[in-house]
Amino acid sequence: MLLCYYCATIWKVRMTISNPSLLLQPGDVVEARRWPEPLKVDLVEPLGDDYVRLVGALLHSQTHIDQVLPVQEAAQLHPLRLQQEFSAAPRDVFLALEARRYRYASLYDPLLAMNISKVDPLPHQIEAVYGYILHQPRVRFLIADDPGAGKTVMAGLVIKEMKLRGLVRRILIVVPGHLKDQWQRELKERFDEHF
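Just so you know, these numbers come straight off a predicted model, no measurement behind them.

A. Seen up close, the sheet that holds strand 2 (residues 39–47). Strand order in this open sheet of four strands is 1-2-3-4, and the pairing throughout is antiparallel. On the outer flanks of this sheet lie strand 1 (29–30) and strand 4 (64–70), each paired with one strand and no other. The pairing of strand 1 with strand 2 spans two bridges and is classified as antiparallel. Looking at strand 2, one finds that Val29 is bridged to Lys40.

Okay, structure coming up:
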């Protein structure tokens, strides 16, 4: 392995010495009129003093390219550079990355809402929410159970999970008038949901 790296380094030095205008290296991405899209260079091999062999693949279609170019044309190929500006505030970058992480968190943790909420659900609640309700293509459920069976916890888990997955636009909760304040308080305290 060390010998291959050494040989590649010597080859690169020779190529640069023989033609200082040729700046291509394996791993570079270049654009030219001869290709319909950018080319990722895998091999740059000088063929004498007049030609260079380029081997690589087009970025999007993954079409294999193996062409011999005149040195003058190869010398006009310059690696593409990032045109991004990295001047955003660190806090904004952190928040953007956290938002992206939360967006895909449910793919890795199917019980995400339960794990980030302040509840200890009972087995029948976990089975109802994660085993049945969230598997439906369109979630519309009437949760009507005995008093004290954990309707608020089940509703909170469904709401939180669907919000984390980005699957909900509107939520309608219908409760008896005398329980409205209790539901609002419990959803705020246990799930950090404000209604």
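B. Representation of the environment of Arg103 within the structure. By secondary structure assignment, the location of Arg103 is in helix 3 (residues 90–108). With a relative accessible area of 46%, Arg103 lands in the partly exposed category. Placed 62 residues apart in sequence, Arg103 and Arg165 show a C-alpha to C-alpha distance of 6.4 Å. Setting aside chain neighbours within four positions, we find Arg103 in contact with Leu164, Arg165 and Gly166.

C. Here's a closer look at the packing of aromatic side chains. Enumeration over the complete set of coordinates arrives at one aromatic pair. When the centroid spacing of 5.6 Å and the interplanar angle of 75° are considered together, the rings of Tyr132 and Phe141 count as edge-to-face.

D. Here's a closer look at the packing of helix 6 (residues 151–165) against helix 7 (residues 180–191). At a minimum axis distance of 10 Å, the contact between helix 6 and helix 7 shows a crossing angle of 55°. Of the possible angle classes, the one that applies to helix 6 and helix 7 is oblique. As for how helix 6 packs across helix 7, the hand of that crossing is right-handed. Residues Lys151, Thr152, Val153, Ala155, Gly156, Leu157 and Lys160 of helix 6 form the contact with helix 7, whose participating residues are Trp183, Glu186, Leu187, Arg190 and Phe191.

E. Focus on the pairing of strand 2. Note that strand 2 and strand 3 (residues 51–58) share eight bridges and pair antiparallel. In the sheet register, Lys40 faces strand 3, and the bridge partner there is Ala57. As consecutive antiparallel partners, strand 2 and strand 3 are separated by three residues, and within that stretch Gly48 has a phi angle of approximately 75°, a positive value.

F. Quick look at the side chain of Glu193. Within the fold, Glu193 resides in the segment after helix 7. A polar contact is formed between the side chain of Glu193 and the side chain of Lys160, at a distance of 3.5 Å. Beyond its immediate sequence surroundings of up to four residues, Glu193 is in contact with Ile159, Lys160, Lys163, Leu187 and Lys188.

Criteria and cut-off values
- Residues numbered from 1 in each chain as written.
- Predicted model: local features only at pLDDT ≥ 70, side-chain atom pairs only at ≥ 80, totals over all residues.
- Heavy atoms only, no water.
- Pairing = 2+ DSSP bridges.
- Helix = DSSP H or I, 4+ residues; strand = E, 2+ residues; numbered from the N terminus.
- Buried < 20%, exposed > 50% of the residue type's maximum accessible area, 1.4 Å probe, protein only.
- Contact = heavy atoms within 4.5 Å.
- Phe/Tyr/Trp six-rings, centres within 6.5 Å; stacked < 30°, edge-to-face > 60°.
- Axes fitted to C-alpha atoms, helices over the stretch in contact; angles between N-to-C directions.
- Parallel < 35°, antiparallel > 145°, perpendicular 65-115°, else oblique.
- Left-handed = near helix turned anticlockwise from the far one by under 90°.
- Polar contact = N/O pair within 3.5 Å; in protein donor to acceptor, adjacent residues only side chain to side chain.

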